[in-house]
Every structure is written in C-alpha cells, then in structure tokens.
Amino acid sequence: MTLPGDHSIETPPRAPSPVHRFGTLAVHAGSPIDKVSGAVIEPISLSTTFAQTAVGVPVGEYEYTRSSNPNRINFETAIARLERARYALAYASGSAATANILQSLAAGSHVISVSDVYGGTHRYFTKVASAHGVRVTFSPSIELDIEDLIKPETKLIWIESPSNPTLSLVDIRAVADIAHRSGIMVVVDNTFLSPYIQNPLEHGADLVVHSVTKYINGHSDVLMGVAAFNSEELWTRLSFLQNAIGAVPSPFDCWLAHRGAKTLHLRAREASKNGLMVAEALAKSPHVIAVNYPGLPNHKQRKIALKQHRDGLGGGMLSFRIKGGQEAAERFCQATQIFTLAESLGGVESLVEVPGSMTHAGIPKEQREAAGVFDDLVRISCGVEDGVDLVGDVLQALEKVVVGPKITNGLANSKTNGFANGHA
Ligand SMILES: *Cc1c(COP(=O)(O)O)cnc(C)c1O
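- If you check an unreviewed UniProt entry, the protein appears there as Cystathionine gamma-lyase cys3 from Vermiconidia calcicola.

So, in structure tokens, the structure goes:
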C-alpha cells in the first residue's frame, strides 16, 4: 500500500531499517521535481479545480482542492515519513485536527485524557465534544489510573507528552499496551517535541497529532495541523471527515509549512540545546523554586525521556516557578529582552508567557494547580538564537524582577524598541 498521491520516494514507507534518515527525509520526502518545468521546488497550486477529459476522468490525480491539492499531498507525504507513518492528513489548525478525530467517534463514546492538555484541547473536550455526546474523563496520572477509568464505551485515550506547560511525560508504551487489550485507540499530541525528537507511533500510539503552527512550520507564520497514523481503516474514516468538514489548510500554507519542515531537524536540535542551557541556568538560580525540563537529569521522568526521545533530548520547551508569585512571573516576562512575551511556541524566536494568566486561564484555578500550573509558573519556548545570549537574558531578567522596581508598560515598550534598534 503506497501513500495516496505519493510520487516521491520509492522505498517502502515502514522499512525496518530506513534507507533514509530524518534529515534526508525532511529535505526530500514529498518534494518531487516538477514534471513540467523541472522546478526543484514545487510551484504553489492555487487552482481550486482541476480539468477532466471526460465526466469523472480528471487529467491528473486532482479534482477539487478541498478534497486534494498537490501542495497538501506533498506536505502530508513529508509528515507521514517524518512520523514513520503510512498516512498523514493536514488540517487548517491543530485544533481542527483534534476536532476531526473527536468527530470520528460515535455519540456515546468515552475518552480518557491526561489532565494538563493544551488549553484549546481542554476547551474542545469539555465544551464541544459533550455537545455531540462524547464524554471525556481527565486523569493527572494516566499510567496509574487507566485500568480503573476504562469503561465499555471508552474509545480513545488522549496523551500529551511532554504535557503543556508542566513538561511531565507519559510512558506511551505502558498506556498503549493496556488500551490495546480493550481495543482502545491511543492518540499522542506530539506538538511540544516535533517528529524529530519523538515518534509516538514507534512507541505504540495509533495516532499522532501536531499543531504544525509550532515546530513543524517553525517560523510563527502559518496556522496548521496534521494527524499521522498507520491504519487503513482510520485513513478511510478521517480522510472522509477531512473533506466533509472542510477544515483544510490552503495550498500556500501547505507550501510554507513544508518549507519549514525541511529544516526541522536543524531547528529542533538547536532549540533543544538552548533549552538545556536555559534550564541548567534556571536550576542554579536562587530566584527559582523549581524547573520543569525533561532534559535535566533530575526530571522525575527522565527515564521515559531516555526511552522515548531521540538521544534523550529535552526539546526547546521548559517551565519554571519563580519566587515572588504571579507578579514576579509577569514582571519576568516583561524584563526579558530577547524572549518576546507572547503565546505560542516552537518558532525560531524565543517566547515567554505565564500560563496561569494566559494560555491556561480558561481552566479553573484548583484544577490548574492540581496539574502543577501555579500562578508563578513561567513557560519558555527556546528558539534558535545563540544559547549564550538566551541564558544571559534569563539571568538579567531574574535579577531585575527580584531587585528592581515594578516595570511599567512604558518601559516594556521601550524595551521592544531598544531591542529592535540594537540588533537590526
Ligand atoms: C497550539 C497547540 C494546539 C492547537 O493548535 P492550533 O494550531 O493553535 O489550533 C494543540 N496542542 C498543542 C500542544 C499546542 O501547543
């Protein structure tokens, strides 16, 4: 079985010993030389419709862009290879990928999810899925609870590893083994690590999803999602819904995200190297209560990181609790000069935010704190700037927060301008 629309690499998709390694696949998978012009980079195929020579006989393999488009197929082919999957389907956002998967469940289905999922996923589970009769139970320790939580109607288990924003890990294999005994499908949101650092299907997951908006595109200029999997039955169900619901990405976004994916291995390695440097610096600081980073030897699930992550890499994401409460956390985010105060992650530029008041504000406080999302928690996305500069920036911001006066909005603005002037 070859990938639909696959016209790139002739090797079997899941060869036991891959002929091509990650970097080679990132650059070449789904990137055919254009048959007409010889263009090395495929043109962007903006046409919404494709000519037919007779009724129901299209000239090529495309009919209408919502159903299939050359740039989307190229992107999907690339991601399938990078996630070691047979199939991938692209969506207009990571949230649309989540929605399509949940929509594929029959009314009356039950889902078990880790507690500290992405805020938007939590919102979909609690406010949208329930409207079509799908109930979700959240568990803070899924490996321990799963057997007790499984009901006859449980159809799906939703994992984020590392979780957002506390960077705790789930042993995917341990959960999948139990789930599969009851015929339950396991989904892993792999957004935080990217396919370079972790391939959940290799650890027993049935489906892996990404917000492409983050590491895969990597340049903070495309909103997109993707799901990858091996089951032909899933392909039939999900590709039907992808077309029927129509939450598909544009050809231009697919082209941009595919371009981003070609350097994923370089960016993920650099971000991970920077993540470790920043985590180590924070761990040594007297102004920090605790650091969550799976690349540190004292991370409570470091063993899982060594098992599931490429070379035990920790990735570019980390979070830490700052001394001085929520006010200190907010001031820290205003005091950094390279890290921009903003939501999102996984871009070439470093970002910083306070989940309790920003990305996770929608989750009730008690529930948030039970999952480790305290008001003083700061989340950092390390980009690919020079790691020495990032460490210097974090350390100067900590000093400023602890000893300095309250930072006003005026100063925050001049900070932004000062950075632009100093580095442009
Ligand atoms: C951003 C994000 C999503 C949602 O993706 P969008 O592209 O913003 O819809 C889902 N999961 C995680 C872990 C994310 O970071």
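That covers the picture; the talk isn't over yet.
## Details of the site of the ligand
Line of reasoning, step 1. Taken together, the neighbourhood of the ligand is formed by 13 residues, with Ser-95, Asp-189, Ser-211, Thr-213 and Lys-214 sitting nearest.
Line of reasoning, step 2. Contacts to the ligand include Ser-95, whose side-chain N or O atom sits 2.7 Å from an oxygen atom.
Line of reasoning, step 3. One of the side-chain nitrogen or oxygen atoms of Thr-213 is found 2.7 Å away from an oxygen atom of the ligand.
Line of reasoning, step 4. Here the ligand, which alone exposes 380 Å², has 94% of that area covered by the protein.
Line of reasoning, step 5. Of the pockets mapped on this structure, the ligand occupies the largest pocket.
Line of reasoning, step 6. The residue makeup of the shell around the ligand, split by class, is four nonpolar, six polar and three charged.

## Things to note about unusual backbone geometry
Line of reasoning, step 1. Ser-161 connects to Pro-162 through a cis peptide bond whose omega is 0 degrees.
Line of reasoning, step 2. With respect to the element layout, Pro-162 can be found in the loop between strand E6 (154–160) and helix H6 (172–181).
Line of reasoning, step 3. That bond from Asn-164 to Pro-165 is cis: its omega, 5 degrees, falls within 30 degrees of zero.
Line of reasoning, step 4. Relative to the assigned elements, Pro-165 resides in the loop between E6 and H6.
Line of reasoning, step 5. Phi angles above zero are rare outside glycine, and Leu-167 is one such case at about 55 degrees.
Line of reasoning, step 6. Its place among the elements puts Leu-167 in the loop between E6 and H6.
Line of reasoning, step 7. By relative accessible area, which is 1% here, Leu-167 ends up buried.
Line of reasoning, step 8. Positive phi, normally seen in glycine, also occurs at Ser-344, with a value near 80 degrees.

Here is what the cut-offs are and how they apply
- Residues numbered from 1 in each chain as written.
- Predicted model: local features only at pLDDT ≥ 70, side-chain atom pairs only at ≥ 80, totals over all residues.
- Heavy atoms only, no water.
- Near = heavy atom within 4 Å.
- Polar contact = N/O pair within 3.5 Å; in protein donor to acceptor, adjacent residues only side chain to side chain.
- Areas by Shrake-Rupley, 256 points an atom, 1.4 Å probe, with all protein chains shown as cover.
- 1 Å grid on protein atoms, 1.4 Å probe; cavity = no way out; pocket = protein on both sides within 12 Å on 5 of 7 lines; lining within 4 Å.
- Sits in = over half its atoms within 2 Å of the grid points.
- Nonpolar A, V, L, I, M, F, W, Y, C, P; charged D, E, K, R; others polar.
- Helix = DSSP H or I, 4+ residues; strand = E, 2+ residues; numbered from the N terminus.
- Buried < 20%, exposed > 50% of the residue type's maximum accessible area, 1.4 Å probe, protein only.

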